[in-house]
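Observations on chain architecture
Here is how the chains run, residue by residue.
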Amino acid sequence: MISHKTASVDGLSVFYREAGTPGSPKLVLLHGFPASSHQYRNLIPALSDRFHILAPDYPGFGNSEMPDPARFTYTFDKISEVVESFLKQQGFDRFGLFVQDYGGPVGFRITSRHPDWLDWLTIQNSNAYEVGFTSAWDGFRGALWKNRTPETEKPLAAFLEVDAIKGVYLHGHKQPELISPDNWNMDFRFMERSNARRVQLDLFYDYRTNVTLYPKWQAFLRDHQPRTIIFWGQDDIFFTREGGEAYLKDLPKAEMHRLDSGHFAVEDCLDQIASNMRRFYQQKVARE
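The rules we used
- Residues numbered from 1 in each chain as written.
- Predicted model: local features only at pLDDT ≥ 70, side-chain atom pairs only at ≥ 80, totals over all residues.
- Heavy atoms only, no water.
- 1 Å grid on protein atoms, 1.4 Å probe; cavity = no way out; pocket = protein on both sides within 12 Å on 5 of 7 lines; lining within 4 Å.
- Points joined across faces, edges and corners; volume = space filled by probe spheres on them.
- Nonpolar A, V, L, I, M, F, W, Y, C, P; charged D, E, K, R; others polar.
- Buried < 20%, exposed > 50% of the residue type's maximum accessible area, 1.4 Å probe, protein only.
- Helix = DSSP H or I, 4+ residues; strand = E, 2+ residues; numbered from the N terminus.
- Pairing = 2+ DSSP bridges.
- Right-handed = clockwise from strand over helix to strand, strands pointing away.
- Contact = heavy atoms within 4.5 Å.
- Polar contact = N/O pair within 3.5 Å; in protein donor to acceptor, adjacent residues only side chain to side chain.

Comments concerning the layout of surface pockets
- The calculated volume of the largest pocket comes to roughly 180 Å³.
- Surrounding the largest pocket, Q225, P226, R227, T228, L251, P252, K253, A254, F280, K284 and E288 form its lining.
- Tallied by class, the residues present in the lining of the largest pocket amount to five nonpolar, two polar and four charged.

This is the structure:
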């Protein structure tokens, strides 16, 4: 059973999904763009008999509150601070961490501040290397990040329309019939809220700060060597295969699964991801 809850965090209403038994090993799932914890609706029940799971929606995403950008700064720093406060409030100070896409910049900020919180790590198409960018990022890297103007924002706003969101979910997935249209229809419904596109454009621009932090996160991985399992969709619209392989330079003991999938691999590779997470935890974390 998945519980759907809200918590007051730093004055904001934060929605989250929770499952599993308190006292079981803790697991945090951090979502990507343009999604919410909804992307984990199938993974959570596949793991909840083994783990106590929390999956929050970030401020401005999903069912969490979306304060006016005029009074709330939508940056990855700020989102990570809210999620960190949420985890403290829930008593999660030692956990496994699953990061996908935006989940990496949020999660890596938190674990860099609190290395002792991280028990083990699952990475699914979340980038931390320059080599990981596909050509989809050209308008970000070559224009927006150099000079934010209405002109440099305009072509990137297309990513926030329903056809583009649908494309993110379907690109690279060989069996599109396995991908529920509820995904893009729900995400686009949230995108139609007042200020929602401004929130996403603010984060598009702020993503450049993640790239600046890549060397720091790489050093963190090298220095701490967290027990890590990687699932990498090989035909992601945003992140290259090389971006997944790059982790192995800093985490030579990581376990790599190259999936015939795309950005949201949990949609069509659920069994492979869930079963290997359970096995990896039992063999590499619980036994040690």
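Back to the text.
With respect to the pairing of strand β7 (residues 228–233)
- In terms of burial, β7 is largely enclosed, as six of its six residues are buried.
- Where burial is concerned, the two faces of β7 agree: the one with T228, I230 and W232 and the one with I229, F231 and G233 are both buried.
- Note: strand β6 (residues 118–124) against β7, four bridges, orientation parallel. By the bridge assignment for β7, Q124 is matched with F231.
- Handedness of the crossover is the feature at issue here: the chain leaves β7, passes through helix α9 (residues 241–250), returns alongside strand β8 (residues 255–259), and the resulting connection is right-handed.

A look at unusual backbone geometry
- Backbone torsion omega between F33 and P34 reads 0 degrees, so that peptide bond is classified as cis.
- Examined against the element boundaries, P34 turns out to sit in the loop between β3 (26–30) and α1 (43–47).
- Unusually for a residue other than glycine, Q225 sits at a positive phi of about 45 degrees.
- Here Q225 is to be found in the loop between α8 (196–224) and β7.

Section: the side chain of Q234
- For Q234, the position within the fold is in the loop between β7 and α9.
- Overall, Q234 belongs to the buried group, its relative accessible area being 17%.
- For Q234, the contacting residues outside a window of four places in its chain are R241, R258, L259 and S261.

Topic: the side chain of N125
- For N125, the location among the structural elements is in the loop between β6 and α4 (138–144).
- When its relative accessible area of 0% is taken as the criterion, N125 is described as buried.
- Of note is the side chain of N125, whose polar atom sits 2.6 Å from the backbone nitrogen of G233.
- For N125, the side chain forms a polar contact with the side chain of D236, separated by 2.9 Å.
- When sequence neighbours within four positions are dropped, the list of residues in contact with N125 reads Q100, D101, F231, W232, G233, D236, F239, G262 and H263.

Geometric descriptors of this kind do not, in isolation, establish any biological role.
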